[in-house]
Structure formats: structure tokens, C-alpha cells
Amino acid sequence: MSTPRRHAEIAGGGIAGLAAAIALAQRNWSVRVYERGSAVRPEGAGIYIWENGLRVLTALGAHDAAVAGCHRGWMRETRNDANRVVAVARWSTEPGRRVVSIARLQLLGALHDRARELGVEVVFGQEVAAATPQGEIVLQDGTRRKADLVVAADGINSKVRDSLGLLRSRRRHADGAFRIMIPRTEAERQSEDGQKYAEYWSGVRRVLYTPCNANDLYLALTTLERDTEGQRVPLDKAAWTRSFPHLASLIERIGDSGRWDVFETVKLKQWSSGRVAIVGDAAHAQAPNLGQGGGCSLMNSLALAVALEHPEVIGTALANWEQRERPLTEHTQRVSAMYSKVTTLPPLLRSVTLSWLGKSKWAMEQRLRTAFHVPTGTVA
Ligand SMILES: Cc1cc2nc3c(=O)[nH]c(=O)nc-3n(C[C@H](O)[C@H](O)[C@H](O)COP(=O)(O)OP(=O)(O)OC[C@H]3O[C@@H](n4cnc5c(N)ncnc54)[C@H](O)[C@@H]3O)c2cc1C
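Think of each chain on its own: its residues are numbered from 1, step by step along the sequence as written. Under the rules for a predicted model, residues below a pLDDT of 70 receive no local features and side-chain atom pairs below 80 are neither given nor counted, while totals for whole chains, interfaces and linings still include all residues. Note that water and hydrogens are dropped before the side-chain values are worked out from all heavy atoms of the structure.

## Let's talk about the sheet that holds strand β3 (residues 46–50)
Any two strands are treated as partners once DSSP identifies two or more bridges connecting them. A run of H or I in DSSP becomes a helix once it reaches four residues, and a run of E becomes a strand once it reaches two; helices and strands are each numbered from the N terminus. Spatially, 3 strands are ordered β3-β7-β4 in an open sheet, and the strand pairing comes out antiparallel. Taken across any chain shown, the strands that pair with only one partner, and hence form the sheet edges, are β3 and β4 (71–72). Whether two residues are in contact is decided by their heavy atoms: any pair within 4.5 Å suffices. Angles run from 0 to 180 degrees between N-to-C directions of axes, and those axes are lines fitted to C-alpha atoms, restricted for helices to the stretch in contact. The strands that helix α2 (residues 51–60) touches are β3 and β7 (99–103); relative to β3, the one it contacts most, it runs at about 90°.

## Description of the packing of helix α10 (residues 293–307) against helix α11 (residues 314–343)
Close contact between α10 and α11 brings their axes to 9 Å; oriented N to C, the two are set at 165°. Considering their axes alone, α10 and α11 lie roughly antiparallel with respect to each other. Helix-helix and strand crossings are classified by hand; for α10 and α11 the assignment is right-handed. Along the contact surface, α10 presents Cys296, Met299, Asn300, Ala303, Leu304 and Ala307, while α11 presents Ala317, Leu318, Trp321, Glu325, Leu328, Thr329 and Thr332. Charged means Asp, Glu, Lys or Arg here, nonpolar means Ala, Val, Leu, Ile, Met, Phe, Trp, Tyr, Cys or Pro, and polar covers whatever is left, Gly included. Residues that form the contact of α10 with α11 fall into these classes: 9 nonpolar, 3 polar and 1 charged. Any angle between 65 and 115 degrees counts as roughly perpendicular, while under 35 counts as roughly parallel, over 145 as roughly antiparallel, and the rest as oblique. Helix crossings are classified by the rotation of the near helix relative to the far one: an anticlockwise turn of less than a right angle makes the crossing left-handed, while a clockwise turn makes it right-handed.

## Focus: unusual backbone geometry
Apart from glycine, the bulk of residues carry a negative phi angle, and the bulk of peptide bonds sit in the trans form. Val233 connects to Pro234 through a cis peptide bond whose omega is -5°. Relative to the helices and strands, Pro234 resides in the loop between β16 (216–224) and α7 (237–243).

## Notes on the site of the ligand
Near the ligand you find 30 residues, and of these Glu35, Tyr48, Arg104, Asp281 and Gly294 are the closest. Think of a polar contact as two N or O atoms within 3.5 Å of one another; within protein, one of them needs to be a possible hydrogen donor and the other a possible acceptor, and neighboring residues in sequence only count if both atoms come from side chains. One nitrogen or oxygen atom from the main chain of Ala16 is found 3.0 Å from an oxygen atom belonging to the ligand. Within the side chain of Arg104, one N or O atom sits 2.8 Å away from an oxygen atom of the ligand. Bound to the protein, the ligand loses 86% of the 1,000 Å² it would expose on its own. Of all the secondary structure elements, the ones that give two or more residues to the shell around the ligand are α1 (15–26), β2 (30–35), β3, β13 (167–183) and α10. Sorting elements by how many residues they give to the shell around the ligand places α10 first, with 4 residues. Taken together, the residues that form the shell around the ligand break down as 11 nonpolar, 12 polar and 7 charged. Any residue with a heavy atom lying within 4 Å of a molecule or strand is counted as near it. The Shrake-Rupley method, run with a 1.4 Å probe, gives the accessible areas here. Residue values count only the displayed protein chains as cover.

## Observations regarding the sheet that holds strand β5 (residues 75–79)
Read from one edge of the open sheet, 7 strands run β6-β5-β14-β15-β16-β13-β17, paired in mixed fashion. Here the strands that pair on one side only, and so sit at the sheet edges, are β6 (85–90) and β17 (259–268). The mean inter-strand angle of the sheet, taken between neighbouring strand axes irrespective of direction, is 20°. Here helix α12 (residues 347–359) sits on the sheet and contacts β5, β6 and β14 (197–202); the angle it forms with β6, its principal contact strand, is near 25°.

## A few points about the pattern of salt bridges
One speaks of a salt bridge when a side-chain nitrogen belonging to Lys or Arg is within 4 Å of a carboxyl oxygen belonging to Asp or Glu. This model, assessed by the stated rule, comprises 28 salt bridges. A salt bridge links Arg326 to Glu322; the shortest N-O distance between them is 2.8 Å. Here Glu322 and Arg326 lie together in helix α11, a separation of 4 residues that amounts to about one turn. As far as the burial class goes, Arg326 and Glu322 line up, both buried. Here the term buried applies to any residue with accessible area under 20% of the maximum for its type, exposed to any over 50%, and partly exposed to those in between, with areas from a 1.4 Å probe on protein chains only.

## A few points about the packing of aromatic side chains
The criterion for an aromatic pair is that two Phe, Tyr or Trp rings (for Trp, the six-membered ring) have centres within 6.5 Å, with stacked assigned to planes under 30 degrees apart, edge-to-face to planes over 60 apart and tilted to the rest. Counted under the stated rule, the structure contains 6 aromatic pairs. For the ring pair Tyr48 and Tyr197, a centre distance of 4.8 Å and an interplane angle of 75° mean the geometry is edge-to-face. Taken together, the residues span a long stretch of sequence, with Tyr48 in strand β3 and Tyr197 in strand β14 at a distance of 149 residues. Look at Tyr197 and you get buried, because its relative accessible area is 1%. Summarising the aromatic geometry, the rings of Trp91 and Tyr197 are spaced 6.0 Å apart at their centres and angled 55° between planes, so their arrangement reads as tilted. Here the residue Trp91 occupies a position in the loop between β6 and β7, and Tyr197 occupies one in strand β14, the gap between them amounting to 106 residues. Comparing Trp91 with Tyr197 shows no difference in burial state: the two are buried.

## Comments concerning the pairing of β5
The two faces of the sheet receive side chains in turn, since in a regular strand these alternate between them. Here β5 lies mainly inside the structure; 5 of its 5 residues are buried. With burial as the criterion, each face of β5 is covered, one bearing Met75, Glu77 and Arg79 and the other bearing Arg76 and Thr78. Relative to β6, β5 runs antiparallel, the two being bridged by 5 bridges. Among the inter-strand pairings, Arg76 is bridged to a residue of β6, identified as Ala89. Taking the residues between adjacent antiparallel strands as the criterion, β5 and β6 are bridged by 5 residues, where Asn83 takes a positive phi near 65°.

## Comments concerning the side chain of Arg6
Assignment of secondary structure puts Arg6 in the segment before β1 (7–11). When charges are counted, neither His nor the chain ends are considered; positive counts come from Lys and Arg and negative counts from Asp and Glu. Buried within the structure, Arg6 lacks any salt-bridge partner; its nearest side chain of opposite charge belongs to Asp148, at an N-O separation of 6.2 Å. A polar side-chain atom of Arg6 sits 2.7 Å from the main-chain carbonyl oxygen of Leu308.

What follows is the structure in C-alpha cells.
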């Protein structure tokens, strides 16, 4: 006797929601995603995806479209206030230890196309207000829909999570980032420096330089939340040029758009309630210092579908999923929060700390544990 097809309703069409939708559809679930935006329009310019995330993208069948033409990371320099290199990290471009940088629009587009190919219904312009542990999703217009599983992937301000009272803590870090994408110049495309990732420090400010593909350069400018001048949108170019005179021509090219976000860490009492699973930033937002918020979202979304492969009691499967995946996610949150603390150190002490962190095998292992983890549901 064949088992009836199970149905999932998902709040949020970001990285986590689309990854969960694909992974469930691959396992013969019928899936509907509600995205409040009117189209695939990600915030935040570019994104680093490490080996763990690349493995998940492969398992989802979205890898090739997501990374086509993207920049393969091979080296990152950290430079101090005097523009001297204080730490260098190198990675292989071979499978096993990879990192790439991608335009978010390309990543989300690849996930969206793959979801549609598998028959997932994506409803744009529809906001979700709440859910019940019995598996009912409640839309903003009052419509209620029943499902075997509801997935809350509605981001850091998750309404679904909050309707279930699952939030344990939400901590603001001292720092945040302004992000923008600008065109790469021909000189950047040709020069060796233009192919490196680079992190420039000056006082409490930092410029992260990340080529994403032949045309796009992703810039993340981080500073402390108390630096009101440094977090203005549009960017206060004069203020940032005072901090980084050697980057004047780069800063000059930044346009009037961009966005500022304070870094936050979210922890839940538990990752599920009855038939509702919480995933992505809604469950485990983190400071982005390790570039793993999206990686953890991809891993935990795929692992969720794997945990539900055998039709046992849903509550038990969700508890097992959390028990298996949560420790690595919390390790990532802890290490990333530690790097946010480094931002608050006086410049000399920060340089020494960054140099030590760059050389210490122990620190590297802590930092890269998640990146080189083989996620549930992927091939070792
Ligand atoms: C400065 C910065 C840099 C980062 N860099 C990296 C990086 O390099 N690598 C990395 O892996 N991660 C990075 N991250 C983290 C990464 O962006 C997030 O972890 C990831 O986007 C989380 O995906 P998500 O789908 O859970 O949430 P989101 O990306 O926030 O997506 C949620 C979606 O749900 C929709 N939505 C929200 N509320 C509702 C609702 N009520 N109803 C319907 N739809 C709704 C939103 O419109 C959105 O499309 C960074 C984060 C920041 C702040």
C-alpha cells in the first residue's frame, strides 16, 4: 500500500525556505512557499558559500546554476591600520576545502528555478502571520491552510516563530555592516590583487573586498553600532575615505544605495513546536564573521527533509533533527560572536589578535569546522 503524499507549507522564500522546499519536493512532498516580496529580490549584495554549502547545493541539484561564473576564493589578506598584511588565509579550489563568492541574486535565482522545476508552488506577495503546532499556517489576510508540516523560514524577525513563543534570546552585537555591489573595473579583473579577498581595518572600521564574478564586486563595510557616522546610508564617503585614504578610489565608486544591518544572534527554546519546524535566521541567526549563516541555513534545511524521510511521528523526527544538527550550528554562532568581540579591541591589540588567530591551528579549526563539515544528506 503506498503512503499518501505529504504536504508542506513554508513561510519565507529566502535561502532556507527554498532549500527546504527543494529537499522536501525531492522526497515527494507537495510544497507551497509564501514569500512576502513580489519577486526573488534578495537583500545584501554578495555571499560567501563554503564547502558545506556547496555540498548541499549539489544535493539539491542547484549547484551548477548557483556557482556559474562565480569567483572561487583562494586567498584572503587581513590588513591593519597601516595597510600592512597581518594575516593570510589560503584555500584550495579543489572539492573538499572550497569557498566561493556569489551574487545573492544568482544564488536565490538558482534555488527558485530548481524549486519550480520540482513542482514547488511559490506564491509571491503573500505574508504569513502565524502557525499552530497542529500544522496550520495563517496568512496575513486571515486564510488558514493545513499541512503535515509547516516550515518557518521567514528570517530574523520571524512572525511564525514568535507566534509560537519559541524565542529564547535575541542578542545584538556591537557591530554591523553596510553592504553593496559595485561593478569591477578592468584593472581589478586583470590584477592579482583584484582576485584576492581582502579585509582592511582602520580604527573600528573594516572594508571587506570580495569579487563575486567577472562583473560584480561585493563590498561589506563593518563598524561598531555606536559609530553613527560610519553606518549612514547612503554611505558617508568622506568619513570612510578619512579612515581608508589608500582606498579612496574604491570608496568613490560606491553609489547611493546599500543597506546597513546590525549583527544579531538568535537562539530558540527549541527548533520546533508540534508540526512546525523553524529554520534559517528565524532559528539561528548569527554574526556573519564566518560567512556561515546561509551555510547553516542550507545544511539545516536539507537535514530537515532527510529527518522526515521515514514517516514516523513528526514531532519525534523534528526532535531528532534538532538534536543532530543544533550543536554544530551553536558552535558556529559562538565562534562568530567571538570574532565580533575582536572588532571592539583597540587597534594594536586587534592586530596582534588577528595575527594570532590567523596562525593558530586551534583557532583555524574552530573557525573552519562548519565550513568543512560534511552535511547530513550529502555525499562524503
Ligand atoms: C552582513 C551580513 C553578511 C552575511 N554574509 C554571509 C555570507 O557570506 N555567507 C553566509 O552563508 N551567510 C551570510 N550571512 C547570513 C545570511 O545572509 C543569512 O543567514 C541567510 O540569508 C538566512 O536565510 P533565511 O532564508 O533564513 O532568511 P532571509 O534571507 O532573511 O530570508 C527570509 C525570507 O522570508 C521572507 N519573509 C520574511 N517574513 C515573512 C513573512 N511573514 N511571510 C512571508 N515571507 C516572509 C523575506 O522576504 C525573505 O525573502 C550574512 C548576513 C549578514 C547580515
